[in-house]
Amino acid sequence: MNIYDLHHRWVERKKRKQEEKKKRMEEQITQEEEKSRKVLTQKEEQPSHNGKELKQLDFIKIFQILKKHILLYLITFPAAIIIAYLLVASEPRYYTCTVKMAPEFSSMSSSSISALASSFGVDLSSGGSSGNDAIIPELYPDLMQSVDFKTSMFDVPITTSDGKVKTTYYDYLHKYQKTPWWNNIFSKLFSKKKTVEADSAVNPFKLTKTQSDIANTIGGNITCSIDKKNYAISISVTDQDPLICATIVDTAKARLQDFITEYRTRKARKDLAYTQSLYNTAKATYEKTRRAYAAYSDANTDVTLPSVQSKLEDMENDMQLKYNTFTQYSQQLQQAKAKLIEQTPAFTTIQNATVPVKPAGPKRMIFSLIIGVIVIFIDSIYAFIKQ
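No experiment lies behind these values; they were computed from the predicted model shown.

With respect to unusual backbone geometry
Right, so step 1: Positive phi, normally seen in glycine, also occurs at Tyr-231, with a value near 60°.
Right, so step 2: Note on placement: Tyr-231 falls in the loop between strand E4 (222-226) and strand E5 (233-239).
Right, so step 3: Using a relative accessible area of 7% as the deciding quantity, one classes Tyr-231 as buried.

This is how it looks when you write it as structure tokens:
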């Protein structure tokens, strides 16, 4: 055997070893592919079970993250509750009182028919009673927010529930309102020096700065709402004293009724005043003519002269004319009075004013719990960010 044959055998042996190694690698790859296919098929066959396990793992992981910061929750949550309660406890308590009334149905029915017709493009405002009434119930809230109405509440006499303060509503809002302690601090730090305003008469056309602030406060304390279905009027007043709250809501109801009555009966009252003046004049003229006729008739009882009889007839005719005029104006006066009564609106009180027993706010516990929940949420976000 020569060297060439030995070299040839060595090369063939090396080739066989490489082929065997390649086969073994291919077999390993196929085995791994089969294993991966089996795993995928198992996951597809059991998706719900694996999903539950993942969710459980997620919840466990979340709980573990939050548990690491349990000390943070134990410190911040009680501290937030206490601080929030102390802050809201500094806010003065306020009370709310509500009255409800309903206007006369006849006028409301005409306005509701007009509103229904307008929704279909038909305008009925040119005729009928609803077209003559400019103050419809929908305008009552705007009326109570007017400057004239708010300034009319300045002189309402009030008494606090403890009986210590007896003054007007204007002075009460100006001098006896409670405020949180931080308002006093901020007012001292940031407010400018206040100029002392001299007491002046209330002029709705030109209010002073203090009068304007008090009027805006009254506008915020008194609210009016109208139920469009049945036109029920609800008037609510919010105040720091329960007795003043009930007093002001009752006064606001009466002032609104007086304003509506004054507006609705304005023309009827003018007609009544004019007819009353004509009636008084006609009555005085008739009385004067009757007395003159009686005096002339008594003085010429036995006189049979034609001139005297003619004058008596003339005076009697004149007295009869004056009497007819007096009777006519008397009838017109009765009609004017009846028309005034007819034009006077009637309001039915559904709910009277009652002194509230429990305060309407602020809700201290609810506010504190809300702040506590917000703090827990912020702590959780901090824990996840840190993790």
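Further notes follow.
Topic: a nonpolar patch on the surface
Right, so step 1: A surface patch of nonpolar side chains, about 710 Å² in accessible area, is lined by Ile-366, Ile-370, Ile-374, Phe-377, Ile-378, Ile-381 and Ile-385.
Right, so step 2: Within the secondary structure, Ile-366 sits in helix H14 (residues 364-386).

Some words on the side chain of Thr-167
Right, so step 1: The topology assignment puts Thr-167 in strand E3 (residues 166-168).
Right, so step 2: Here Asp-171 takes part through its side chain, which lies 3.4 Å from a polar atom of the side chain of Thr-167.
Right, so step 3: Setting aside residues up to four positions removed in sequence, Thr-167 forms contacts with Val-156, Pro-157, Ile-158, Tyr-172 and Tyr-176.

Structural notes on the state of the cysteines
Right, so step 1: Within this structure, the stated rule accounts for 0 disulfides.
Right, so step 2: Here Cys-97 is not cross-linked by a disulfide; its sulfur's nearest cysteine counterpart is in Cys-245, at 5.0 Å.
Right, so step 3: Judged by relative accessible area, Cys-97 falls into the buried class, the value being 4%.

As for the side chain of Thr-251
Right, so step 1: Take Thr-251: it is sitting in helix H11 (residues 242-264).
Right, so step 2: Looking at Thr-251, the relative accessible area reads 17%, which means it is buried.

With respect to the packing of aromatic side chains
Right, so step 1: On inspection of all chains with the given rule, the structure shows 5 aromatic pairs.
Right, so step 2: Geometrically, the ring pair formed by Phe-154 and Tyr-170 is tilted, given 5.0 Å between the ring centres and 55° between the ring planes. Of the two residues, Phe-154 sits in the loop between helix H7 (147-152) and strand E2 (157-159) while Tyr-170 sits in helix H8 (residues 169-175), which places them 16 residues apart along the sequence. Tyr-170 shares its class with Phe-154; the two are buried.
Right, so step 3: Members of the aromatic cluster, joined through ring pairs, are Tyr-279, Tyr-286, Tyr-323 and Phe-326.

Section: the environment of Glu-262
Right, so step 1: Considering the arrangement of structural elements, one finds Glu-262 in helix H11.
Right, so step 2: Relative accessible area serves as the criterion here: at 33%, Glu-262 is assigned to the partly exposed category.
Right, so step 3: Residues Glu-262 and Pro-345, 83 residues apart in the sequence, show an inter-C-alpha distance of 9.5 Å.

Some words on the nonpolar core
Soluble globular proteins tend to bury their nonpolar side chains together.
Right, so step 1: In this structure, Tyr-169, Ile-233, Ile-235 and Ile-248 are the most contacted members of the largest nonpolar core, which totals 34 residues.
Right, so step 2: Contributions of two or more residues to this core are made by strand E1 (95-103), helix H6 (140-144), H8, helix H10 (209-221), E4, E5 and H11.
Right, so step 3: Sorting elements by how many residues they give to this core places H11 first, with 8 residues.
Right, so step 4: When residues no more than four places from it in sequence are discounted, the contact partners of Tyr-169 are Met-153, Phe-154, Val-156, Ile-158, Ile-218, Asn-221, Asp-239, Ile-244 and Ile-248.
Right, so step 5: Residues Leu-272, Tyr-279, Met-315 and Leu-340 belong to the second largest nonpolar core, which totals 14 residues.

So, helix H12 (residues 266-299)
Right, so step 1: Look at H12: 50 Å from first C-alpha to last across 34 residues, which is about the 50 Å you get at 1.5 Å a residue.
Right, so step 2: Listed as buried for H12 are Ala-268, Leu-272, Thr-275, Tyr-279, Ala-282, Tyr-286, Thr-289 and Tyr-293.
Right, so step 3: Each element contacted by the buried residues of H12 is listed here: helix H13 (306-343).

What counts, and where the lines are drawn
- Residues numbered from 1 in each chain as written.
- Predicted model: local features only at pLDDT ≥ 70, side-chain atom pairs only at ≥ 80, totals over all residues.
- Heavy atoms only, no water.
- Helix = DSSP H or I, 4+ residues; strand = E, 2+ residues; numbered from the N terminus.
- Buried < 20%, exposed > 50% of the residue type's maximum accessible area, 1.4 Å probe, protein only.
- Patch = residues over 30% accessible without salt bridge, like charges linked within 9 Å, V, L, I, M, F, W, Y side chains within 5 Å.
- Areas by Shrake-Rupley, 256 points an atom, 1.4 Å probe, with all protein chains shown as cover.
- Salt bridge = Lys/Arg side-chain N within 4 Å of Asp/Glu carboxyl O.
- Polar contact = N/O pair within 3.5 Å; in protein donor to acceptor, adjacent residues only side chain to side chain.
- Contact = heavy atoms within 4.5 Å.
- Disulfide = S-S within 2.5 Å.
- Phe/Tyr/Trp six-rings, centres within 6.5 Å; stacked < 30°, edge-to-face > 60°.
- Core = buried A, V, L, I, M, F, W, Y, C linked by side-chain atoms within 4.5 Å.
- Expected span 1.5 Å × (residues − 1).

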